[in-house]
Amino acid sequence: MSRSFTRRALMALALLSLTATAAPPETRFSPEIARFAELDKTTPTKPCGFLFTGSSSVRFWKTLDQDMAPHPVINRGFGGSQIADVTLYFDQVVTPYRPRAIFFYAGENDLNAGRTPDQVVADFQAFLDRKDKTLGATKVYFISLKPSKARWDQLASQSQVNAAIKALADQRPDLDYVDVVPAMLEAGAPKDIFVADGLHMTPAGYVLWTQVVRQVVEHEAKTGRACKG
């Protein structure tokens, strides 16, 4: 048996092993995406609602409907997602709803996975590019990355992302920055609004978010552009 054949055989086995054990990115969130599709069948949503999408901070906002009532909202957060995942599944978690506005929370997991602030901002720009192509001038509200006990050491990187996207919002009429950071801090440290993992929020945390975000929803409902669905 030749050495070249042995090398080729080993390479083929290694590739087969990787294929068998590593799920491709497009299937990582398949169960949650399938659940959204089922929800759309059983409880169809009307166009022109306020769409909330992103990672687990959106997913676990269980009282979102009540917190924003009577304004119609749609929760399409999926836990563990990064900005690129929301863009990848844009046609499943954004496009079908033809939202009046998009409230976006992601980027925190990206930093935790090792992406730099510049990469996170570039990923968000890619999301905006996709939005522009599909939904035109639809408004996007970026909810600032939140300070938490579990990721307190990432505060500087989070602040860089927040500042960059706030600056981007100053240049784009279709983007606004929603700052939840001050409401979540007390004496320069995170308030006691987290569950045991120090990352996800208790209902008290969502009360603070509601106080900030509801005002934005109400303002958009009164002054935003008309939505044709």
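Remember, predicted model here, so these are calculated numbers, not experimental data.

Observations regarding the packing of aromatic side chains
Here comes step 1: Taken as a whole and judged by the stated rule, the model has 18 aromatic pairs.
Here comes step 2: Taken together, the ring pairs connect Phe50, Phe52, Trp61, Phe103, Tyr105, Tyr141, Tyr206 and Trp209 into an aromatic cluster.

Section: the nonpolar core
Here comes step 1: Core analysis: the biggest nonpolar cluster contains 56 residues, and Phe52, Phe103, Phe104, Phe124, Phe127 and Val213 have the highest contact counts within it.
Here comes step 2: With residues up to four places along the chain from it excluded, the contact list for Phe124 reads Ile83, Phe104, Val140, Phe142, Ile165, Leu168 and Leu175.

Quick notes on the sheet that holds strand β4 (residues 139-143)
Here comes step 1: Taken in spatial order, the five strands of this open sheet run β2-β1-β3-β4-β5, and their pairing is parallel. Both edges of this open sheet fall to β2 (73-77) and β5 (175-178), since each of them pairs with a single strand only. Adjacent strand axes in the sheet meet at a mean angle of 20 degrees, parallel and antiparallel pairs treated alike.
Here comes step 2: Two strands pair when backbone bridges link them, and strand β1 (residues 50-54) and strand β3 (residues 101-105) are joined in this way by five bridges, in the parallel orientation. Within β3, the residue paired with Thr53 across the bridge is Phe104.

Remarks on the confidence of the model for the protein chain
Here comes step 1: The pLDDT averaged across the protein chain works out to 90; a share of 87% of its residues lies at or above 70.
Here comes step 2: This stretch, residues 1-24, has a pLDDT under 50; its non-local contacts, to residues over four places away or in other chains, come to one contact.

A short note on the layout of surface pockets
Here comes step 1: Put simply, the largest pocket is a space of about 340 Å³.
Here comes step 2: Around the largest pocket sit 16 residues that line it, and Leu39, Asp65, Ile74, Asn75 and Arg76 are the ones nearest its centre.
Here comes step 3: Within the residue set of the lining of the largest pocket, elements represented by two or more residues are α2 (30-42), α4 (64-68) and β2.
Here comes step 4: Top contributing element to the lining of the largest pocket by residue count: β2, with five residues.
Here comes step 5: A class-by-class count of the residues in the lining of the largest pocket yields six nonpolar, five polar and five charged.

Description of the side chain of Asp174
Here comes step 1: For Asp174, the position within the fold is in the loop between α9 (155-171) and β5.
Here comes step 2: Note on Asp174: relative accessible area 10%, which makes it buried.
Here comes step 3: A polar side-chain atom of Asp174 sits 2.7 Å from a polar atom in the side chain of Arg172.
Here comes step 4: Filtering out sequence-adjacent residues up to four positions away, Asp174 remains in contact with Lys131, Asp132, Ala137, Thr138, Lys139 and Val140.

Examining the environment of Asn75
Here comes step 1: Mapped onto the fold, Asn75 is located in strand β2.
Here comes step 2: The class of Asn75 is partly exposed, set by a relative accessible area of 22%.
Here comes step 3: The spacing of Asn75 and Val58 is 17 residues in sequence and 7.0 Å in space, taken between C-alpha atoms.
Here comes step 4: Of note is the side chain of Asn75, whose polar atom sits 2.8 Å from the backbone oxygen of Val58.

Overview of the pairing of β5
Here comes step 1: As paired elements, β4 and β5 share four bridges and run parallel to each other. By the bridge assignment for β5, Val140 is matched with Leu175.
Here comes step 2: Crossover handedness for the path β4 to α9 to β5: right-handed.

Regarding helix α8 (residues 117-135)
Here comes step 1: For α8, built from 19 residues, the straight-helix expectation of 27 Å at 1.5 Å per residue is met to within 8% by its first-to-last C-alpha distance of 26 Å.
Here comes step 2: Positive phi appears at Gly136, one or two residues downstream of α8, with a value of about 60 degrees.

Here is what the cut-offs are and how they apply
Residues numbered from 1 in each chain as written. Predicted model: local features only at pLDDT ≥ 70, side-chain atom pairs only at ≥ 80, totals over all residues. Heavy atoms only, no water. Phe/Tyr/Trp six-rings, centres within 6.5 Å; stacked < 30°, edge-to-face > 60°. Core = buried A, V, L, I, M, F, W, Y, C linked by side-chain atoms within 4.5 Å. Buried < 20%, exposed > 50% of the residue type's maximum accessible area, 1.4 Å probe, protein only. Contact = heavy atoms within 4.5 Å. Pairing = 2+ DSSP bridges. Helix = DSSP H or I, 4+ residues; strand = E, 2+ residues; numbered from the N terminus. Axes fitted to C-alpha atoms, helices over the stretch in contact; angles between N-to-C directions. pLDDT = per-residue confidence, 0-100. 1 Å grid on protein atoms, 1.4 Å probe; cavity = no way out; pocket = protein on both sides within 12 Å on 5 of 7 lines; lining within 4 Å. Points joined across faces, edges and corners; volume = space filled by probe spheres on them. Nonpolar A, V, L, I, M, F, W, Y, C, P; charged D, E, K, R; others polar. Polar contact = N/O pair within 3.5 Å; in protein donor to acceptor, adjacent residues only side chain to side chain. Right-handed = clockwise from strand over helix to strand, strands pointing away. Expected span 1.5 Å × (residues − 1).

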